[in-house]
Amino acid sequence: MTSFDSHFTMTIGGQSVDGAATFGVLNPATEEVLAQAPDCSAAQLDQAVAAARRAFPAWRALTMAQRREYLMALPAAILKHSEPLAQLLSREQGKSLADARTEIGACGQWLQAQSQLELPVVVNEDSAERRSETRRVPLGVVAALSPWNFPVLLAYWKVMPALLAGNTALLKPSPFTPLTVLKIGELVREALPPGVFNVITGGDALGPMVTAHPGIDKVSFTGSTETGKRVMESAAATLKRVTLELGGNDAAIVLPDVDVKAVAPQIFWLSLINNGQTCIAIKRIYVHRDIYAEMANALAEIARTVKVGNGQAEGTQLGPVQNRKQFERVVGMLDEAKAQGLQFLVGGEAREGKGYFIPPTFVDNPPDDARIVREEVFGPVRSLLKYCDIDEAIARANDSPYGLGASVWSSDIAKAQAVADRLEAGSVWINEAAHLSPMVSFAGHKQSGIGIENGVDGMLEYTAAQTRTVRKPPAAAAAT
């Protein structure tokens, strides 16, 4: 199969459901409407939540092994239909077809790995008098709200641990990129008991309705810090549990002992993963003054060779910014930088014509208080910053409301580790960046989020601790 039909439906209670209305989904490379997506009404949201609540008792009662057997249908469907899913993802998100194939394949493999997670049981006491143990129990109905930058991977890596832990789920993707997520929901619709997994889509009004809904027990959200604050405020009314994976302004500190020719290509592509639209991409690059000019020239040279264009075109390396709102935000930041007299090593001008295209852009040593440094630039624009000593670099890297990721680059691992220990971020990498694993906890510090995703700790986010204490009968105690 190389393509899907153009009719997209929601999955509610195991049934195919059209929206009360529809909305257009644009291809950001052409600005043309790719397809119509269902627009979920308030009544249909109620139906989806009710279906999830009805399904919860029976799903919870299954053993984890039984739930795992059902859930293997998710990665199986994704990997079986990987090519048409990648084609669809490239068109709606804008990323190159190569990157879309990588995301689809990674999602299937990610879910396979997550499916093997187990919930721990902690024995607190096993004495003559009593046995006490703490186990984990599901919360109920989980709502997963996913973003537009990695629409498939970041959606479904929430779904697997939530369902495996015994919850039922409601998935709402971004209105900018709903199609591939919907199609996967259609593919697994008949493989899971009705109501266990529901997929709904809608415009800007739907998200607040989901987070405020009294029938939802937990919200897992990935997106901007500002939207995350609104999600948390909405969830507070009913004390919903929340996991918030939010913005990042990740710093890379490059020590003067690196081999610039070897390191520059890595730093370039780790800065511009997914066209720079990645929360854990390198965004502030602190380079020691002794190698600053060499690094600046190397990054600019690489940028000039990159092919920017329609993700469906052969050889495209970077596609468009995903949507007009984000495109205009990035262009506004470039305009502000120009008004401040900042210099560009390369790039700096959006491409004219159709599509939201901005070439790879590096700003030459802007001041730390410039907006382009202080704020997260979710697009192909990065700041190269010069430092003199390591204490200064660490202080500047930590001077941010964000604390998602950071990296240190050096030929001396011990020296790099000493720097890494002082960085205020949830994930710190040495001589790499943005490496994640389904088995490794991922969390943000400061305003980069609350809670954990991935690994056993990530699955625990979809559970509550329940301690069970049994007072042993006197005969048992005596025998002991």
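Keep in mind that this is a model prediction, so the values were computed, not measured.

Undergrad: Explain the packing of helix H5 (residues 97–114) against helix H6 (residues 153–164) here, please?
TA: Helix-helix packing is characterised by the crossing angle of the two axes and by the distance between the axes. Remark: H5 packs on H6, axes separated minimally by 10 Å, with the N-to-C direction vectors making an angle of 15°. Judged on the interaxial angle alone, H6 and H5 are roughly parallel. Note on packing geometry: the crossing formed by H5 with H6 is right-handed. On the side of H5, the interface is formed by Glu-103, Ala-106, Cys-107, Trp-110, Leu-111 and Gln-114, while H6 contributes Leu-153, Tyr-156, Trp-157, Met-160, Pro-161 and Leu-164. The residue makeup of the contact of H5 with H6, split by class, is 10 nonpolar, one polar and one charged.

Undergrad: How should the pattern of salt bridges be read in this particular structure?
TA: Where charged atoms from two side chains of opposite charge come close, those side chains can pair. As enumerated under the stated definition, the model contains 29 salt bridges in all. The salt bridge partner of Glu-103 is Lys-95, with a shortest N-O separation of 2.5 Å. Lys-218 serves as the salt-bridge partner of Glu-461, at 3.7 Å between the closest nitrogen and oxygen. With a gap of 243 residues between them, Glu-461 in the loop between helix H16 (455–460) and strand E22 (463–471) and Lys-218 in strand E10 (residues 218–222) connect regions that are remote in the sequence. The same class applies to Glu-461 as to Lys-218, namely buried. If you follow the salt bridges from partner to partner, you end up with Asp-126, Arg-131, Glu-133, Arg-468 and Lys-472 in one network.

Undergrad: Mind showing me how you'd approach the sheet that holds strand E19 (residues 427–430) here?
TA: Two modes of strand pairing occur in sheets, parallel and antiparallel, and in both the strands are linked by backbone hydrogen bonds. One open sheet holds the seven strands; their spatial order is E14-E15-E16-E13-E12-E18-E19, and the pairing between them is mixed. A strand with exactly one partner marks an edge of an open sheet, and here the two such strands are strand E14 (344–346) and E19. When strand polarity is set aside, the average angle formed by the axes of neighbouring strands in this sheet is 20°. The sheet contact formed by strand E18 (residues 405–409) and E19 spans four bridges and is parallel.

Undergrad: Looking at this structure, I do not really get helix H7 (residues 179–187). What am I missing?
TA: At 3.6 residues per turn, the α-helix brings residues three or four places apart onto the same side. For H7, the tally of buried residues reaches eight of nine residues, placing the bulk of the element in the interior. For H7, the full list of buried residues reads Leu-179, Thr-180, Val-181, Leu-182, Lys-183, Ile-184, Gly-185 and Glu-186.

Undergrad: When you look at the packing of aromatic side chains in this model, what are you seeing that I'm missing?
TA: Two aromatic rings, taken as a pair, are described by how far apart their centres are and by the angle between their planes. The full count for this structure, using the stated rule, is seven aromatic pairs. Consider the rings of Trp-110 and Trp-157, whose centres lie 5.1 Å apart with planes at 40°: the pair is tilted. Within this pair, whereas Trp-110 is found in helix H5, its partner Trp-157 is found in helix H6, the two being separated by 47 residues in sequence. A residue is classified by how much of its surface remains accessible, and Trp-110, at 10% relative accessible area, is buried. Ring centres of Phe-327 and Tyr-356 lie 5.6 Å apart, and the angle between their planes is 35°; this geometry places the pair in the tilted category. With a gap of 29 residues between them, Phe-327 in helix H12 (residues 324–339) and Tyr-356 in the loop between E14 and strand E15 (361–364) connect regions that are remote in the sequence. Just as Phe-327 is buried, Tyr-356 falls in that class too. Each residue in the set Phe-268, Trp-269 and Phe-362 is aromatic and connected to the rest through ring pairs, giving one cluster. It is Lys-183 that lies over the ring of Phe-8; its NZ or CZ is 4.7 Å from the centre.

The rules we used
Residues numbered from 1 in each chain as written. Predicted model: local features only at pLDDT ≥ 70, side-chain atom pairs only at ≥ 80, totals over all residues. Heavy atoms only, no water. Axes fitted to C-alpha atoms, helices over the stretch in contact; angles between N-to-C directions. Helix = DSSP H or I, 4+ residues; strand = E, 2+ residues; numbered from the N terminus. Parallel < 35°, antiparallel > 145°, perpendicular 65-115°, else oblique. Left-handed = near helix turned anticlockwise from the far one by under 90°. Contact = heavy atoms within 4.5 Å. Nonpolar A, V, L, I, M, F, W, Y, C, P; charged D, E, K, R; others polar. Salt bridge = Lys/Arg side-chain N within 4 Å of Asp/Glu carboxyl O. Buried < 20%, exposed > 50% of the residue type's maximum accessible area, 1.4 Å probe, protein only. Pairing = 2+ DSSP bridges. Phe/Tyr/Trp six-rings, centres within 6.5 Å; stacked < 30°, edge-to-face > 60°. Lys NZ or Arg CZ within 6 Å of the ring centre and 35° of its normal.

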